[in-house]
Amino acid sequence: MPATAFLNSISHLPLLSVGLNCALGATELRPYLKILADNAPFHVSAHPNAGLPNEFGEYDESPAYMKEQIKSYATENFVNFVGGCCGTTPEHIKAFADAVQN
C-alpha cells in the first residue's frame, strides 16, 4: 500500500504518532518517511532495521552509518521519535540518541 493511502486510512484516528519500521534499511525508509512527514496530522516515528541480513544472517549497516541516516531524518524534520528494528544493537540506539540529541 502506498504511504499516502496508508496515511489516509488512519488520519481520522486520534493518534499521537504514526511510524514505519524495518524495510530494507535506513536509506530505503527515507522516501516513505518524507511522505508521512509532509502529510501526517500527527508525529512521525522511524525504527529502521540495519539493512537486510547477509548470507550469514548478520546485518551490515553499522551504528556510524545509521547514525548519519537518523541525523538526516531529524534535521530534515521527518521524525519526532526514533528507534531501531532488526539488526540494531545497543550501540546503534546510542548512536541514534547522539544523532538527535539537539
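Details of the structure are given in the entry above.
This structure is a prediction, so every number in the text was calculated from the model and none was measured.

Student: Could you give an account of helix 2 (residues 26-39), with specific residues and numbers?
Tutor: Side chains that are three or four residues apart share a direction in an α-helix, a result of its 3.6 residues per turn. Over its 14 residues, helix 2 runs 20 Å from end to end, which matches the ideal 20 Å to within 8%, given 1.5 Å per residue. When the local axis directions of helix 2 are compared, the greatest deviation, roughly 30°, occurs at Tyr32. For helix 2, the set of buried residues is Ala26, Leu29, Leu33 and Leu36.

Student: Give a description of the side chain of Ser72 that names residues and reports values.
Tutor: Note on placement: Ser72 falls in helix 3 (residues 63-75). Side-chain polar atoms of Ser72 contact the backbone oxygen of Gln69, separated by 2.7 Å.

Student: I'd like to hear about the packing of helix 1 (residues 3-10) against helix 2, residue by residue, with values.
Tutor: Viewed as axis vectors pointing N to C, helix 1 and helix 2 meet at an angle of 40°, and their least axial separation amounts to 9 Å. Between helix 1 and helix 2, the interaxial angle falls into the category oblique. Of the two elements, helix 1 crosses helix 2, and the hand of that crossing is right-handed. Here helix 1 contributes Ala3, Thr4, Phe6 and Leu7 to the contact with helix 2, which in turn contributes Tyr32, Ile35, Leu36 and Asn39. Its residues assigned to classes, the contact of helix 1 with helix 2 shows 6 nonpolar, 2 polar and no charged.

Rules used throughout
- Residues numbered from 1 in each chain as written.
- Predicted model: local features only at pLDDT ≥ 70, side-chain atom pairs only at ≥ 80, totals over all residues.
- Heavy atoms only, no water.
- Helix = DSSP H or I, 4+ residues; strand = E, 2+ residues; numbered from the N terminus.
- Expected span 1.5 Å × (residues − 1).
- Bend = angle between axes of the 7 residues up to and from the residue.
- Buried < 20%, exposed > 50% of the residue type's maximum accessible area, 1.4 Å probe, protein only.
- Polar contact = N/O pair within 3.5 Å; in protein donor to acceptor, adjacent residues only side chain to side chain.
- Axes fitted to C-alpha atoms, helices over the stretch in contact; angles between N-to-C directions.
- Parallel < 35°, antiparallel > 145°, perpendicular 65-115°, else oblique.
- Left-handed = near helix turned anticlockwise from the far one by under 90°.
- Contact = heavy atoms within 4.5 Å.
- Nonpolar A, V, L, I, M, F, W, Y, C, P; charged D, E, K, R; others polar.

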